[in-house]
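Below, each chain spelled out in residue letters.
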Amino acid sequence: MPHITSLKLSMFRSHKLSEIDVDARPIAIHGPNGAGKTNILEAISMLSPGRGLRRVPVGDLSRAPERLGWQVRAGIEADGPREIVTRLQGEGSRTVEIDGKTAPQTALAKLLRIVWLVPSMDRLWLDGASERRRFLDRMSMSFFPDHAEAVLGYERAMRERNRLLKDQVRDPRWYEALEEHLVEFGSRITASRRNTLDRLGVAQDAATTAFPAARLSLIGPDGAVRQNEDDLAPRLAEGRGRDMAAGRTLNGPHRDDLHAVYSAKDMEARDCSTGEQKALLVSVILSNARALSSEKVNRPVLLLDEIGAHLDAGRRSALYDEIIELGAQAWMTGTGAELFESLEGRAQFLQLSEIAGETKLTSAR
């Protein structure tokens, strides 16, 4: 199954130089706050397209005060041994190499399917629609690596159209080609999102789990369930006047939202308690991993930061049991080894500490 076998961080966040060798079992990383645990997960998230789990400018990942750039080198097992290197040199752009050859970021999605859950996502059901779209697109990318290319293509075309709108360009010929691209990429995006939700539903219905089921749907700004983008072309053409007044494109999949309902209570996720919202979020992540693991070649790498937050001991133990059953490599963080007690003998343990502002791997077993 696909998994990380080695990780080398150079000048990345608090890691001046850290090297980790692991096998396919889960990895429990523990240590005090500020020791660099989340930085390891963030480095792994850079083995996928995009800006990583914190979504910060790539320059911010460089170790301070040197700010010389950074590098993440990973050995992975994916139909044989492979190597990924991603780096930032000076003030340039992030680059990617796969097996020694330069590659686009989108190629990363075809090697490793990475799914993460971090504390900032605990407010997912309360935050704006853009955060939920990003969450859904990350899951869609795990099933359909080409989804990343469709999202990038759509965003490029929309930026160009928005520029025309702000410049008050009225000639329809300037819009037609861009709107063709928006329809093409938008249709692909919506199809992938809906297919993803269908797969999550099947995986959830077939599971025996300690976590609550969530009914998920894709809805438009009007609250109606989004089926497809068959009418996007006329909506874009007819809406040019309104869009010009707003200075931006008001129709398309960039306005859609992920809607979630706690099935057992028939209650919208945003109205649930903090603990219930966290449990629903974990449930969706597990469904994502379960659906991917149904095909062994697609088993994901899970990044679970401070996963014990808002989970009692019983649910933590149930979560670990499900991860073991999935057979997915999971990188988990927590402040103390006791949070992973029920994983003893079934996982790898890494202990981190901070010495003079630098992360140190003080023990591993």
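Residues numbered from 1 in each chain as written. Predicted model: local features only at pLDDT ≥ 70, side-chain atom pairs only at ≥ 80, totals over all residues. Heavy atoms only, no water.

Per an unreviewed UniProt entry, the protein chain goes by DNA replication and repair protein RecF and derives from Pontivivens insulae. The UniProt entry for the protein chain carries the following comment under Function (unreviewed entry): "The RecF protein is involved in DNA metabolism; it is required for DNA replication and normal SOS inducibility. RecF binds preferentially to single-stranded, linear DNA. It also seems to bind ATP." (UniProt positions renumbered as here; feature names shortened; annotations may be inferred.)

A. Region of the structure containing the overall build of the protein chain. Regarding its fold elements, the protein chain presents eight helices and 15 strands. Viewed in the frame of its principal axes, the protein chain has a C-alpha envelope of about 65 × 50 × 35 Å. Residues counted as buried form 55% of the 365 residues belonging to the protein chain. Considering only residue pairs separated by 6 or more positions, the protein chain has 69% of its internal contacts joining residues 24 or more positions apart. Of the accessible surface of the protein chain, which amounts to about 16,200 Å², a share of 48% is contributed by carbon and sulfur atoms. If the 51 positive side-chain charges of the protein chain are averaged to one point and the 52 negative ones to another, these points end up 3 Å apart. (Helix = DSSP H or I, 4+ residues; strand = E, 2+ residues; numbered from the N terminus. Buried < 20%, exposed > 50% of the residue type's maximum accessible area, 1.4 Å probe, protein only. Contact = heavy atoms within 4.5 Å. Areas by Shrake-Rupley, 256 points an atom, 1.4 Å probe, with all protein chains shown as cover. Lys, Arg positive; Asp, Glu negative; His and termini not counted. Charge placed at Lys NZ, Arg CZ, Asp CG, Glu CD.)

B. Highlighting the sheet that holds strand 11 (residues 267-268). The antiparallel open sheet is built from three strands, whose spatial order is 9-10-11. Looking along the sheet, the strands with just one partner apiece sit at the ends: strand 9 (214-219) and strand 11. The pairing of strand 10 (residues 257-262) with strand 11 spans two bridges and is antiparallel. Among the inter-strand pairings, Y262 is bridged to a residue of strand 11, identified as M267. Sitting on the sheet, helix 4 (residues 172-205) is in contact with strand 9 and strand 10, with an inclination near 170° to strand 9. (Pairing = 2+ DSSP bridges. Axes fitted to C-alpha atoms, helices over the stretch in contact; angles between N-to-C directions.)

C. Main features of the environment of I324. Within the fold, I324 resides in helix 8 (residues 313-326). What makes I324 partly exposed here is its relative accessible area of 31%. Apart from the residues within four sequence positions on either side, I324 is in contact with P26, L343 and R346.

D. Geometry of unusual backbone geometry. Here the bond from A64 into P65 is cis, since omega is 5°, no more than 30 degrees from zero. Tracing the sequence through the fold places P65 in the loop between helix 1 (37-45) and strand 4 (69-77). Phi at R13 takes a positive value of approximately 55°, unusual for a residue other than glycine. Positionally, R13 belongs in the loop between strand 1 (3-12) and strand 2 (15-21). Look at D99: it is not a glycine, yet its phi comes out positive at around 55°. Mapped onto the secondary structure, D99 falls in the loop between strand 6 (95-98) and strand 7 (101-102). Exposure remark for D99: the relative accessible area of 37% places this residue in the partly exposed category.

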